[in-house]
Amino acid sequence: MIATLVHVWVKKEKIEDFIEASVENHTESIKESGNLRFDILQDPENPSKFTFYEAYESDEAVAVHKKTSHYFKWRNTVADWMAKPREGIKHTVIAPTDKNLW
């Protein structure tokens, strides 16, 4: 299982638009067969900073996600709203190892 923390810094004037586009992406991403989690978090002390917690069953499932129409739509929609490039940090899941516990 693979978990990725994606850190995104959004221009202040685009925060609400970013949230709307990201929730739409979330709604479609959680329907993917290899998806275990797709959480969107906002920093309460810096509302321009978001963290996505994405968990997939495998690297192949991540690759499938990155080829979906909803991912392309999100990526292209929010690209100009970012204050700086997003950072994704991949992790190996240690626990839980049973996907039914997600």
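Note that the structure is predicted; figures quoted are calculated from it, not measured. (Residues numbered from 1 in each chain as written. Predicted model: local features only at pLDDT ≥ 70, side-chain atom pairs only at ≥ 80, totals over all residues. Heavy atoms only, no water.)

1. A word on the overall build of the protein
In step 1: Each helix and strand in the protein was counted, giving three helices and four strands.
In step 2: Going residue by residue from the N terminus, the α and β elements of the protein occur as β-α-β-β-α-α-β.
In step 3: For a compact globule of 102 residues, the expected C-alpha radius of gyration is about 13 Å, and the protein comes in at 14 Å, within 12% of that figure.
In step 4: A principal-axis box enclosing the C-alpha atoms of the protein has dimensions of 40 × 30 × 20 Å.
In step 5: Every one of the 102 residues in the protein was classed for burial, and the buried ones make up 36%.
In step 6: Taking as baseline every contact in the protein between residues at least 6 positions apart, the subset at least 24 positions apart corresponds to 70%.
In step 7: A total accessible area of about 6,300 Å² is found for the protein, and carbon and sulfur atoms account for 53% of it.
In step 8: Distance between charge centroids for the protein: 4 Å, based on 14 positive and 17 negative side chains. (Helix = DSSP H or I, 4+ residues; strand = E, 2+ residues; numbered from the N terminus. Rg over C-alpha atoms; globule rule 2.2 N^0.38 Å. Buried < 20%, exposed > 50% of the residue type's maximum accessible area, 1.4 Å probe, protein only. Contact = heavy atoms within 4.5 Å. Areas by Shrake-Rupley, 256 points an atom, 1.4 Å probe, with all protein chains shown as cover. Lys, Arg positive; Asp, Glu negative; His and termini not counted. Charge placed at Lys NZ, Arg CZ, Asp CG, Glu CD.)

2. Considering the layout of surface pockets
In step 1: For the largest pocket, the calculated volume is near 290 Å³.
In step 2: Looking at the lining of the largest pocket, the elements that each hand over two or more residues are strand 1 (2-10), strand 3 (49-56), helix 2 (59-65), helix 3 (69-78) and strand 4 (82-92).
In step 3: Across the lining of the largest pocket, the residue classes break down as eight nonpolar, four polar and five charged. (1 Å grid on protein atoms, 1.4 Å probe; cavity = no way out; pocket = protein on both sides within 12 Å on 5 of 7 lines; lining within 4 Å. Points joined across faces, edges and corners; volume = space filled by probe spheres on them. Nonpolar A, V, L, I, M, F, W, Y, C, P; charged D, E, K, R; others polar.)

3. As for the packing of aromatic side chains
Each aromatic ring pair is described using two quantities: the centre-to-centre distance and the angle formed by the ring planes.
In step 1: Applying the stated criterion across every chain, the model contains seven aromatic pairs.
In step 2: Ring centres of F18 and F50 lie 4.8 Å apart, and the angle between their planes is 50 degrees; this geometry places the pair in the tilted category. One end of the pair, F18, is in helix 1 (residues 15-29); the other, F50, is in strand 3, with 32 residues separating them in the sequence. Judged on exposure class, the residue F18 and its partner F50 are both buried.
In step 3: Three or more aromatic residues joined by ring pairs make a cluster, and in this case those are F18, F38, F50, F52, Y71, F72 and W74. (Phe/Tyr/Trp six-rings, centres within 6.5 Å; stacked < 30°, edge-to-face > 60°.)

4. Focus: unusual backbone geometry
In step 1: Cis peptide bonds are those with omega within 30 degrees of zero, and the linkage from A95 to P96 qualifies with 0 degrees.
In step 2: Position of P96 relative to the elements: it lies in the segment after strand 4.

5. Considering the packing of helix 1 against helix 3
In step 1: Their axes nearest at 9 Å, the elements helix 1 and helix 3 cross at an angle of 170 degrees. As judged from the angle between their axes, helix 1 and helix 3 are roughly antiparallel. Considering the relative orientation of helix 1 and helix 3, their crossing is left-handed. Together, F18, A21, S22, E24, N25, E28 and S29 of helix 1 and H70, Y71, K73, W74, T77 and V78 of helix 3 make up the contact between the two elements.
In step 2: Grouping the amino acids of the contact of helix 1 with helix 3 by side-chain chemistry returns five nonpolar, five polar and three charged. (Axes fitted to C-alpha atoms, helices over the stretch in contact; angles between N-to-C directions. Parallel < 35°, antiparallel > 145°, perpendicular 65-115°, else oblique. Left-handed = near helix turned anticlockwise from the far one by under 90°.)

6. So, helix 3
In step 1: Along helix 3, the residues classified as buried are H70, Y71, W74 and V78. Along the axis of helix 3, the buried positions cluster into a sector of 100 degrees, meaning they face one direction only. Facing away from the buried surface of helix 3 by more than 90 degrees, the exposed residues are S69 and N76.
In step 2: Those residues of helix 3 that are buried are in contact with helix 1, strand 3, helix 2 and strand 4. (Arc of directions from axis to C-beta.)

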